[in-house]
Amino acid sequence: MISALTSQGPRGMTATSVMSLSLDPPSIVAAINRSASLNAELLEGVAFGVNLLAEDQSQLARSFAGGLPADRRFSEGDWDFNAWGAPVLQGGVASMTCVVNRRFEHSTHSLLIADVREIRLTAEAQPLVCAHGAFTGLRRPDAPPSART
């Protein structure tokens, strides 16, 4: 999920795609649908959060994918505003604070190249994955069979 503090307060959405780009400097690429209201707020120099959800946070993923109106999404979850002003989720697998470096428009999406400023990891949490339109957990191959999803 992508989260940012906007002129209308905290806003967030489920991103189409987020991927690593470079280790030096640490950077990512995020694909945001151009019709998303948050897209217009993510300009060069703006800080935002990238929140990787835990397997028990599928309801939160649904809420940020449009299940709740934009102004009510942050009523769910445990959020913290860091030094850059970006809202980051507590209790997920990881969160990153990024700053938009460049934007590219292509077809229906904006591609944001962003520099990573901070990473928070939660070692205990198992990741939430969306595959074939459904949410599922992802277990390590060495986990006992009863723990695999």
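Scroll up a little and you will see the structure.
Nothing here was measured: the structure is a model prediction, and the numbers come from that model.

S.K.: Please explain the packing of aromatic side chains as it appears in this structure.
M.R.: Centre-to-centre distance and the angle between the planes together describe a pair of aromatic rings. By the definition in use, this model includes three aromatic pairs. On the numbers, 4.5 Å between centres and 55 degrees between planes, the contact of F74 with W79 is tilted. Looking at F74, the relative accessible area reads 16%, which means it is buried. The class for W79 is buried, based on a relative accessible area of 15%. A connected cluster of aromatic rings, assembled from ring pairs, spans F64, F74 and W79.

S.K.: Looking at this structure, I do not really get the sheet that holds strand β9 (residues 109-121). What am I missing?
M.R.: The pairing of strands in a sheet happens through backbone hydrogen bonds and is either parallel or antiparallel. Within the open sheet, the seven strands sit side by side as β2-β1-β5-β8-β9-β4-β3. Their pairing is antiparallel. Looking along the sheet, the strands with just one partner apiece sit at the ends: β2 (9-13) and β3 (17-23). The sheet shows a mean angle of 35 degrees between the axes of neighbouring strands, direction not considered. Pairing of strand β1 (residues 2-6) with β2 involves five bridges; the strand directions are antiparallel. The residue of β2 that forms the bridge with L5 is P10.

Each value, and the rule that gives it
- Residues numbered from 1 in each chain as written.
- Predicted model: local features only at pLDDT ≥ 70, side-chain atom pairs only at ≥ 80, totals over all residues.
- Heavy atoms only, no water.
- Phe/Tyr/Trp six-rings, centres within 6.5 Å; stacked < 30°, edge-to-face > 60°.
- Buried < 20%, exposed > 50% of the residue type's maximum accessible area, 1.4 Å probe, protein only.
- Pairing = 2+ DSSP bridges.
- Helix = DSSP H or I, 4+ residues; strand = E, 2+ residues; numbered from the N terminus.
- Axes fitted to C-alpha atoms, helices over the stretch in contact; angles between N-to-C directions.

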